[in-house]
Structures are given as C-alpha cells and as structure tokens.
Amino acid sequence: MIEPVSASVEPESTFNINRIRRDFPILEREVRGKPLIYFDTAASAQRPLAVIDAVNNFYREHNANVHRGVHTLSQEATDLYEGGRRKLAQFINAPSEREVIFTRGTTESINLVAQSFLRPKLKPGDEILVTHMEHHSNIVPWQILCQQTGALLRVVPINQRGELEMGALQRLLSERVKMLGIVQVSNALGTINPVAEICRMAKHHGVPVLVDGAQAMPHMQVDVQALGCEFFCLSGHKMYGPTGVGALWARESTLDSMPPWQGGGEMIRHVTFEESTWNDLPAKFEAGTPNIAGGVGLGAAVDYLSKLGLPEIAAHENQVLSYATEKLAEIDGLRIIGTARDKASVISFILGDIHPHDLGTIIDHYGVALRTGHHCAMPVMQFFGVPATARVSFGLYNTQQEVDVFVDALLKVREMF
Ligand code: C6P
C-alpha cells in the first residue's frame, strides 16, 4: 500500500509562525520589489511544500489512471488517490469514506445536489431557502433549478452587521421548503453562521440543509456529524490543497437514494445499449477520469492542517484578524463591511470614495495582494449599497507585521486621492 508523501500528523505543541512561513516557498518571493504580503487566502490559499511535493512526487513516481489497471503504477495511483479520500473523510468525521465524493470543488458539489437530489423531488410552488450572504455558487444552481421546476427561491435576510436574521429564518422554515442552502463562513463578510443550530431548526420542519463549507474548512475543525447537515461542500484550494478538486459529503443512505448526475466511465457496473446499472459509492458520482493528483494533494493538505492543528490555526488567525480590525478602524474614512460578532479571517472595506479596484491596483505596488470587486456575492454588495469592496483575507501564514506594512501602504494610497 502506497501512502502519499506527507508530514507526520502528530500535533505540534506551539504555533511557530516563522517556521510555518518557511513551509510556503511563494512567501519568499517579491512583488514589484517588495516582499509579498498575501492577503487573498479566501480566493485561493497558498500551498505548503508538503502539498507541492505530494503532487510532484505523484507525477514523478506513480502517475497512471486509477481503478482501471492491474499494473503496478495504476494500483499505486489508486492507493494514493483513495488515501486522499480516506484522510479527508477522517478530517471531517465522515462515518465512511464512501460518503466522500470527489468533485471539482464547492461549486460542482452544489450543482450535483441541486440536479441529482433535489430536481426529481421538486414541484411548482415548492421553496428553496438561501441566505442573503451566499456566494453565487449557492444561489445560481438553485435559481436554475427553480426555472426548471417552477419552485421558488426564498431569501433569509441579514442585518447591518452582516449576521443572519435568525427570527426571519425561523419564520421562513416550513413544510414547503425542500432545501436550505447556507454558507458556514461568508467569503464577503467573514460572518460565521451557527450552522449546527440552524440544522436543528431545519430538522423540525423536515428541511434538508446543504452547508457551503468552502471558507470554513481552512479556519475551523469541521465535524459533519456534529453539524447535522444533509450535505457538506468544500474546495481543495481554499484549504491549502490543489485547485480543481473538492468534495461533497452526504450520508450513504442519501447518496444511495440519488440518481447519478453525470454518466460515463467508472460510474457504471454494467452497460448494454438497452440499459446501464450504476457502480457503488462513491464511484456512482465520479464519472470519467478524476483529478487524481488533486485527490493526492488534498490528502497532503489534510495532513498538513492536522499537523498544525485547526484550533491553533484559528487562534493565530483570530489574533491577526482582531489586530487588523483595530488598526483599520483607526483609519479616517474607512468603513468595514461586515461586523458580525462571530467572524473568521476576512475584512471587507471601503476607503473614502476610492474605488476598490484603484485601491487594489495601487496597493499591489507595495507587494500587497488583496481582492477587490463583488467577491461573487453581488446580493451582499446590493444589501450594503456598494458596488464593490476591497477585501483582505488571512491565512495561517499571515502576521501582525504584515498588517502594519499593509496599513502604512493604505495610508499612502489615501494620500494620493
Ligand atoms: N470564493 C473568493 O474569493 P469554488 O470556486 O467552487 O472552489 O468555490 C466557490 C465558493 C463557494 N462558496 C464560498 C463561500 C466561496 O468563498 C467560494 C469561492 C472565492 O471568495 C472565489 S469567488
């Protein structure tokens, strides 16, 4: 049995930020003659050497297609790929690795649930609930489904802090609702939603809950059983793994009850021109050759996060978040969009009447990478009455010193306008 190249999973006793930063080769580079300050982890995290090496080693030593060949390389590739699945299943406390479907990421996972689980059940007048703070990937697949079936999309409102209106959610839950799609950590606001409590509320009405965990995975320990959701979606690249790979988790009984989504190789047991029968889980939902190196790299990312410890990562990131929030609040004319009491690693803001795109372009000259725009959450921008924001988002490698450099750069940008 081949195991992926990865570090041991023994938790480290202290969070040694200088040593941790050395795990990320890209942090050594300069941008426009300045040390890179990467404040765009919510868009895509940087990769540690453990992940880069696992992918590299796969292609150098084991590359072949999976589940198909009797030859040695194919068996090694299958072991490594399935090893990634096993690690991810343990990481999110899935009862079985058969419940972890590899997808391209959160977006594909949500589309899979919309089309395979919900579409056959919906009739005109049924309702799908989402919240006002969802990423487009947890809005548009449901909108398409509503167009296909005559179902109605309903929206749980948020307040001026960017928190969910729990009373309104309670009122909107009813037997008409066939799905609640909710983000665990908002990418545009940083809000952490009380997802376990929401799942309990939904259960009273028999409403299944899909949790968009894209931004939660790198910041907090996720336990899908404790959350009590029906579906959990994640993306590898947000949690220090490769792009183009992610996962959908659901219980075996739920996945067994769903028809396949895409047809092709690997997802079948038997094919004739008259009819085909389906493979067991998880293969039933993994048509075609998967992102094999992606699965291997995602396993290495899980090892890396486990080694550092999610509580330690969260504690470090929360310090950086609090420090940055304090510093930014001192800047005249700076408005923070999203001031929820429970937040993770994201600060969206507007600085005077400087357009966020101008701010982002100029601050790049100081080596600072941040994101500007609507962050694929246009309804959030509409709610706060802004076309766009600048957004800094922190990863486990960021420091308060970087925040100081960023704040100085921001003050210089302000002087230019
Ligand atoms: N947010 C951001 O900069 P994919 O693209 O499928 O890996 O993830 C989509 C997605 C879904 N939900 C949330 C909460 C997200 O933050 C994202 C991706 C990135 O905020 C790119 S738009």
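As the structure is a computational prediction, the values presented were derived from the model and not from experiment. (Residues numbered from 1 in each chain as written. Predicted model: local features only at pLDDT ≥ 70, side-chain atom pairs only at ≥ 80, totals over all residues. Heavy atoms only, no water.)

J.: For the pattern of salt bridges, give the residues involved together with the corresponding values.
T.: Scanning all chains against the criterion turns up 15 salt bridges. Put simply, E402 and R21 hold a salt bridge, and the shortest N to O gap is 3.3 Å. One end of the pair, E402, is in helix α14 (residues 400-415); the other, R21, is in helix α1 (residues 17-21), and 381 residues separate them in sequence. Given the relative accessible area of 5%, E402 is considered buried. The salt bridge partner of R176 is E127, with a shortest N-O separation of 2.9 Å. In this pair, R176 is assigned in the loop between α6 (166-172) and β7 (177-183) and E127 in strand β5 (residues 127-131), connecting sequence segments 49 residues apart. E127 sits in the buried class, given a relative accessible area of 3%. Taken together, the shared-partner salt bridges in this structure form one network comprising E82, R85 and E286. (Salt bridge = Lys/Arg side-chain N within 4 Å of Asp/Glu carboxyl O. Helix = DSSP H or I, 4+ residues; strand = E, 2+ residues; numbered from the N terminus. Buried < 20%, exposed > 50% of the residue type's maximum accessible area, 1.4 Å probe, protein only.)

J.: Describe in detail the environment of Y397, supporting the description with residues and values.
T.: Along the chain, Y397 falls in the loop between β17 (389-393) and α14. Here the alpha-carbon distance between Y397 and F15, two residues 382 residues apart in the chain, equals 10 Å. Filtering out sequence-adjacent residues up to four positions away, Y397 remains in contact with I17, R21, F24, L27, Y38, T41, A45, Q46, Y240 and E402. (Contact = heavy atoms within 4.5 Å.)

As far as function goes, none of this settles anything; it's purely spatial.
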